[in-house]
Structure formats: structure tokens, C-alpha cells
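Coordinates in review
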Amino acid sequence: MRLIISLLSMTCLALPAIAQDTLTGDEIVAQMNARDDGNYVTRGFSIELTDRSGKTRTEKTIAYRRYFGDEKRTIIFYTEPTRVRGTGFLTYDYADPAIDDDQWLYLPALRKVRRISASDRGDYFLGTDFTYEEIKKEQKIESEDYRFEAKGAEIIDGRELLIVEGTPLSDDISDELGLSHVVWRIDPEIWMSRKTDYYDQNGNHARTAILEGVETIDGYLTTTQIFVENHKTGHSSRITFLNTDYTTEVPESLFSQPRLRRGL
Amino acid sequence: MIRYRRSTLLQHLGSPLFRAFLAVVVLPPGKAFSQDIEYRGTLSSRVAVETRDGNMQLGEVKFEPELAGTLTPNISFRILGRLRGDTQDQIEPGDPGAQSAARSDWNRRAFIVDNLDAELREAYADIYAGDWFFRLGKQQVVWGQADGLRVLDQVNPLSFREFTLGNFEDRRIPLWMANLERSFRSVTVQFLWIPDHTYNEVPSTGTFRPTSPLLVPSPPTDFSGPIQAVQGNRPNRLITDDDYGIRLTGFSHGWDWSLNGLYSYSDAPVISQQLADDGTLFIAPRYERSLLIGGSASNAFGKFTLRAELGYATNRYVLINDPTDEDGVAKSSELSSVIGLDYQVNADTLFSSQLFLSVLPDNPNGAIRDQATGTLTLLARRELRNDTIRVEGLLIQDLNQGDGVLQVSANYELTSSVTLSAGVDVFYGTTNGIYGQFDQTDRITLGFEYGF
């Protein structure tokens, strides 16, 4: 399956610009979602949180992700600052979007793994300006959430980017995501959105996400830095991915409550 | 008044544990000093002022250094110390008191002066060996799904220095133990061997000295003779008096579950009375074996999370009000449970409720507590401004006595390293109640914490 996805990605990378202009919104999103992100990965996150006044806080984590068939499991351990060190977050993300994720949180102050309800996908992830959905999808898009429309191309920083607008397919989805529509500007060289604008349910411009760094690591196209600004609050978040490693196998046993409790 | 042996600094200066603690404390602050060993810690302070008369109840400064690292890919370690001073010395005034009775010889705080104590809080090694995991050393083990209400969370004893106030991590007394775990597919088995005979630490003097007749025996109303507290017998035999635990945990069909068994001495001593031939009433604490069996379960349903615990314990002792009774206590088993429901409004707002029930199936005659007792907790928590501000309100209500405590707090994360906090703790209800007994100790707290 992964070989097919890789071949599909390579085929699309080879498409001439003229052919890309004729792609529909659904086809462009399909290319984004076909990007192979490896069976497992280990990486560090450095999360820089800046408020309206310019005051910055930094948090660091180590994260592991592994596919179990179509199910994706992620475990994140906070390492900095000392106040949150040891906090852990485990997610089982099921392939069927109708099934809620299973999530657990380990808080060192309680010394206890707590089952937590799956947050609304549009809720902000642990104090950042990224939503749970964006963290989970890793630069991909849940195609069953939106009606996509290709809106031509735009030149940004010398790159021709394909514009796709997504509108939630139902009011329920709009409520869950907290969005009225999204505009992605997708680089066909990498099939990632370099600039994304999110609009709240009232149609106001809520946030802008900028892809600031992409590299090929161990043969996989990998986001190395991404920035998002919340236009309502003036708060912004920048995640820098460090020491990304697709080659060292992540053991299945890591994605368990005992490991969440024991820590790194 | 019960008198205990005083623990002095001299007793601890020569102990290897205290030397290990000092080694942690005197290390220069900084980050990793080798690739796999890190030195970090927190410096915090709290001030508490009583609302009744404006007196300062607590002026605490706490330094908690931590050394952690990896020795090999399969072996890591953690050492956590605590140096704590209190300018007011009202929580544990003068002689530190209870600890020598409650704590084993190798799990004691070293009192440098009356209001300054040092403690090796945790010191353990984590070892992965094939499918086995070992955590060996002084540690905390938490069982169950409930917050603050203990049905299955009975492995570590508690300090009641500030009664139920303060955070659980500080209140729980770490124990020296061997903790072994092995996973079989989705089921993990945990074995505990606890040779550390340390029990609940209850102050015999100070602000939070218990006085409720539900907790402290009262002499017969017509008794006018001398009362003498004596040192009770503490379990001290290796293996024979050690505690043992086993827990199975798993995740099946969306449910987290556990089955638990703990063969231990109850952390709360049985306070018995005995009238001597010369008319003296002796009061002595003793520790009794108990077998706790039970289980827990939790699951999430949309925005709701359900948590439940059930436990059955043998050999619980309750105080009785019967002048003809020989020792003033009666034995019963105890069936207890907690059911909790959390409602996560969104990522920033949580409402949580818990109902705790305890029943004495043997219904001992003359028991001072009711055969069935209940406690309700309600928690509301809201995080603001990208989680830099947390506001929380917690109500604990005793359903039998009608007393309780309301705790409201706010934390502000000033920088990545500095957190400021403020809070109010309000006890209410009858002075005979478990919470109402501290009705005169309501307080406002202010604090800060610096982490490095």
C-alpha cells in the first residue's frame, strides 16, 4: 500500500505545471493525502508560544508515531519546562472518522493516567494555536469533512501555489472544526500547503498557518517548521521539529498506558 | 498527648540516604552536565493567612532538586530531594512529632531545626529486561481512577500535615519498594513488594491536628482519671510484615480496567483505649493487617468520561461509643466505591463530579460513624489565554455530617519558568465533622514557583 502511495506521489511530482492547473480541488487534496509519512517516526517538537505583547514561552517534547494497520498511534512526552516535564499524551486515532479517538493524559502531579474525552477537533492543542485536527493530520486534510474547490494559482515567494478552498460539508462538521471555510495554498512540488487561512464560523479571518521549513529526511518529505498566528488573540505558535528519524523502529509497546505512566 | 521519639539531624547525618540527598542538593544548578544526566529542580514559596484573625498560618519555602539520567539504554534513574522551611512553624510546631511513629527508620525526614526539614523524596532505578520492567527504590504508586478520594489508591500512605489541602504529590509519602511489571498483549500485570513500614503521618499538634470524634477517640464522659498515650507496636518484621500488591490493567473494547489486590497494614492506625488497674486510661495506636480487593474502569463517551472504582477491604476498625467496650474500637469489613463523571465542555473547560460511598457490612454496634457514608466532589476548571491562566474551584461535601471544604485557586504562568498562584480554602460545617473540625482555619494562599 505504501509503495503504491509512494509511486502515486512520484507520478504527481512529475506532472507538468499545466496539468496541475487542471486538477480539481478533490484531486489536489488527494495528492496531499497520498504523501507517504512513513510507518513510524521519532522526533522532537520545540513549541514557541508568543503572546500579543511579544512575551514568549518555550516547551519541548519528544513524540513517537506509528501506524498499526490503518490506525495511527501517537505518544508525546513533555521534557521542558520543568513545570510540565513528564506530562504525557497518548492517542489512538482510528481510520473510521465516525469513531472517536481514544486519548489518555498522564499528569506527573497526579501520578495517574487519565482517560480524557476526545476534544472537539477544532479545539486548540495544549495551549498552542494549532487545533487537535491539525496536529493529528500532519499537513493532510480529512477529505470527508469538506467540499473542495480549486481556485486557480497564486505566486508567493516565487512559487506557484495551487489555491483550494474547503467548505465543511455540514453544520455539525463546521461546529466541530469551528470553521466556515479554509483556504489552502498548496505547493505542487511537495503537495503541502505553504500558507493556510482559517475562517471562523462567522466568516472572520481567524488564523494563518505558514509552512516555514520542509526537508526530505530519510526519503520522506518532512515538515521541519510551521508557524500559526491567531488573528483574534494576537497569539502565535511556532513548532520546530528536531531530530526527525524514520529509520529507527518505534516499538509497538511504546504506545501503551504503562509506558505513558513510566515516561521516557 | 501522644509522645513520639524525636528525630534529630544527628540521627540522619550518617545515613547513606541523607548523604545521597545532600549530594543532590549541593550540586550546582544547571542543565545537563553530561549527555544523559540532567540536574533540574524547583524553588517555590507559599504564604497562607487565616481569614479569621489575619494570622499567618504558613510561610513556606521549598527547594526540590532532581537528578535524573540514563545509565544504559535499559537502565535509568531518578533522585528527587526536598528541603522545606516554614517561617511560622504552626503546621508542625516545635517537635516534629508523629513521623517517628508513622515512618520506618529508612523513610524519615531530617529536621535540621524545628521548622526546616530535608527529605529524600524519591530515588529509584527503572530497568527494562526483556518483557519485564522493574522500578526499584523509593517511589509513589497510584492505583485507581478517582481524584482525591481513596478506594484503591492505598499503596502509599499520606501526610496530613495540611489535612487534605495541598497537592497530592506532596501529600503522598513515597515508599521503598520493588515494583515489577510485565505486559501480556493488552494486559499488564504489576507486582509490588513493599518492605517499607511507613504509614499515614497525622500531626499530633498544630493547625491541622484532628479533633473530630470520627477520627480521634474520646474518653468516657464520666472518666476523670489520668490519660496516657503510649507508643503503639509497629510492624517491623521483614517479609512477614511487608506489604504486597498485585494489579492487572488492560484496555478492551474502549474500556480501561484494572483488578487490584493489596495485602497490607492499613495506613491509618487503630487508636484503642485500655483502662489499667490503677485507673489510668492508656491510648495506643496499633496497625492491623487488611486485604483490599477491587477494580476500576473508565471510558469516554463523546464529551463525557466515566470513571468508577470498587473496593472491599477486610479488618477495618472504627471508633465506637460504648463505655462497656474494652478498647473502644470495633472490627468490620468495608465496601467502598467511587463513581465519577467528567464533562469536557471544550479543551479549556472541564466539569467533574465524583460520588464516594463507604458501607460497613458488619454494622458494628455503637460505631461513631454511620454504617453508610458518602462524599460528593464537584470540580470546575477553566484555562484561559493559551493555558497561561488556570482557574479552578473544588467542593468536597460530606453527605452525612453536612460539612465540607471549598477550594478556589488561580495559577498564572508568568514565564516558562515562573508560575504565580493564589487561592482560598474555606472549611464549613459542624466541628464534629471531618472537614468542619477545621472551620477556624480558613485561609488565603499566595505562592510562586520557579523551575530550572
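Let us look at the structure shown here. (Residues numbered from 1 in each chain as written. Chains lettered and ligands numbered in written order. Predicted model: local features only at pLDDT ≥ 70, side-chain atom pairs only at ≥ 80, totals over all residues. Heavy atoms only, no water.)

**Concerning the sheet that holds strand β13 (residues 281–286) of chain B**
All names here are of chain B. To keep things clear, this is the line we draw: Criterion used throughout: strands pair if DSSP finds at least two bridges between them. Secondary structure elements follow DSSP: runs of H or I of four or more residues count as helices, runs of E of two or more count as strands, with numbering from the N terminus. Here an axis means a line fitted to C-alpha atoms, over the contact stretch when the element is a helix, while the angle between two N-to-C directions is reported on a 0 to 180 degree scale.
Within the open sheet, the three strands sit side by side as β9-β13-β12. Their pairing is mixed. Two strands close off the open sheet at either side, each with one partner strand: β9 (227–229) and β12 (270–275). Within this sheet the neighbouring strands show an average axis-to-axis angle of 25°, counted without direction. Inspection of the sheet shows β9 paired to β13 by three bridges, in the parallel sense. Each residue of the ladder has a partner; that of I227, found in β13, is L281.

**Notes on the packing of aromatic side chains**
How we decide: Ring pairs shown here join Phe, Tyr and Trp side chains whose ring centres sit within 6.5 Å, with only the six-membered ring taken for Trp; geometry is labelled stacked below 30 degrees between planes, edge-to-face above 60, and tilted in between. Each residue is assigned to one of three classes by its accessible area relative to the maximum for its type, calculated with a 1.4 Å probe on protein chains only: buried under 20%, partly exposed between the two thresholds, exposed over 50%. Whether a charge sits over a ring depends on NZ of Lys or CZ of Arg being within 6 Å of the ring centre and within 35 degrees of the ring normal.
Taken as a whole and judged by the stated rule, the model has 27 aromatic pairs over all chains. Ring centres of F163 of chain B and F438 of chain B lie 4.7 Å apart, and the angle between their planes is 55°; this geometry places the pair in the tilted category. Of this pair, F163 of chain B sits in the loop between β6 (132–139) and α4 (168–171) while F438 of chain B sits in the loop between β21 (418–428) and β22 (443–451); the two residues are 275 residues apart in sequence, bridging distant segments of the chain. The exposure class of F163 of chain B is buried, given its relative accessible area of 7%. According to the relative accessible area criterion, F438 of chain B is buried, its value standing at 2%. With 6.5 Å between their ring centres and 55° between their planes, F208 of chain B and F427 of chain B make a pair best called tilted. Here the residue F208 of chain B occupies a position in the loop between β8 (187–194) and β9, and F427 of chain B occupies one in strand β21, the gap between them amounting to 219 residues. Summarising the burial analysis for this pair, F208 of chain B and F427 of chain B share the class buried. Members of the aromatic cluster, connected to one another through ring pairs, are F160, F163, F208, F427, Y435 and F438 of chain B. Above the face of the Y198 of chain A ring, R207 of chain A is positioned so that its terminal group lies 4.3 Å from the ring centre. It is R286 of chain B that lies over the ring of Y317 of chain B; its NZ or CZ is 5.2 Å from the centre.

**Focus: the pattern of salt bridges**
Convention followed: Note on definitions: salt bridges are taken to be side-chain nitrogens of Lys or Arg within 4 Å of carboxyl oxygens of Asp or Glu.
Taken as a whole and judged by the stated rule, the model has 72 salt bridges over all chains. Between E169 of chain B and R111 of chain A there is a salt bridge, with the nearest N and O atoms lying 2.7 Å from each other. One end of the pair, E169 of chain B, is in helix α4; the other, R111 of chain A, is in the loop between β5 (102–107) and β6 (112–116), on a second chain. Relative accessible area serves as the criterion here: at 21%, E169 of chain B is assigned to the partly exposed category. Overall, R111 of chain A belongs to the buried group, its relative accessible area being 10%. One salt bridge in this structure joins R109 of chain B and E201 of chain B, with 3.2 Å as the shortest N-O distance. Taken together, the positions of R109 of chain B in the loop between α3 (99–102) and β4 (110–113) and E201 of chain B in the loop between β8 and β9 put the pair 92 residues apart, joining distant regions of the chain. Across this residue pair, the class does not change: R109 of chain B and E201 of chain B are buried.

**Some points on unusual backbone geometry**
Leaving glycine aside, a negative phi is the common case for residues, and trans is the common case for peptide bonds. All names here are of chain A. For the bond from E80 to P81, the omega torsion is -5°, close enough to zero to count as cis. As for its placement among the helices and strands, P81 is situated in the loop between β3 (71–80) and β4 (88–93). Its identity is not glycine, yet D157 carries a phi of approximately 50°, on the positive side. Mapping D157 onto the fold places it in the loop between β7 (146–156) and β8 (159–168).

**A look at the environment of V202 of chain B**
Residues and elements named next belong to chain B. With respect to the element layout, V202 can be found in the loop between β8 and β9. A relative accessible area of 33% places V202 in the partly exposed class. V202 sits 93 residues away from G295 along the chain, and the two C-alpha atoms are 28 Å apart.

**Description of the side chain of R259 of chain A**
Spelled out, the test is: None of His or the chain ends enter the tally, which takes Lys and Arg as positive and Asp and Glu as negative. When checking whether two residues touch, look at their non-hydrogen atoms; a contact exists if any pair is within 4.5 Å.
With respect to the element layout, R259 of chain A can be found in helix α6 (residues 257–262). Buried and unpaired, R259 of chain A has D126 of chain B as its nearest opposite-charge partner, separated by 8.3 Å. Among residues more than four places away in sequence, those in contact with R259 of chain A are F77, S253 and L254 of chain A together with Y128 of chain B.

**Describing the interface of chain B and chain A**
For clarity, the cut-off: For any pair of parts, buried area is found by adding up, for both, the accessible area (1.4 Å probe) each one loses once the two are put together. Any pair of nitrogen or oxygen atoms within 3.5 Å is treated as a polar contact; in protein, a donor-acceptor pairing is required on top of that, and neighbouring residues in sequence qualify only through side-chain atoms on both sides. Side-chain classes are defined by residue name, with Ala, Val, Leu, Ile, Met, Phe, Trp, Tyr, Cys and Pro counting as nonpolar, Asp, Glu, Lys and Arg as charged, and the others, Gly among them, as polar.
Tallying the contact residues gives 50 residues for chain B and 40 residues for chain A. When chain B packs against chain A, the two sides together hide about 3600 Å² of surface, and 38% of this comes from carbon and sulfur. When the area that chain B buries against chain A is broken down by residue, the three leading residues are R40, N386 and S416 of chain B, summing to 17%. Note that K112 of chain A and D147 of chain B form a salt bridge whose closest N and O atoms lie 3.7 Å from each other. The interface formed by chain B and chain A holds 31 residue pairs in polar contact (both at pLDDT 80 or more) in total. Of the residues forming the side of chain B that touches chain A, the biggest block, four residues, is contributed by strand β1 (residues 37–50) of chain B. Of the residues belonging to the side of chain B that touches chain A, the class tally is 12 nonpolar, 20 polar and 18 charged.

**Quick look at the environment of N363 of chain B**
Residue and element names in this part refer to chain B. By the element assignment, N363 lies in the loop between β17 (349–359) and β18 (372–384). C-alpha separation for the pair N363 and E334, spaced 29 residues apart in sequence, amounts to 9.6 Å. Setting aside chain neighbours within four positions, we find N363 in contact with S332 and Q371.

**A look at the nonpolar core**
Quick note on the threshold: Residues belong to one nonpolar core when they are buried, are Ala, Val, Leu, Ile, Met, Phe, Trp, Tyr or Cys, and are joined through side-chain atoms within 4.5 Å.
Among the nonpolar cores identified, the biggest contains 36 residues, and Y146 and W184 of chain A are the most heavily contacted of them. Other than its neighbours up to four places away in sequence, Y146 of chain A contacts I141, G166, T167, P168, L169, L177, L179, V182 and W184 of chain A.

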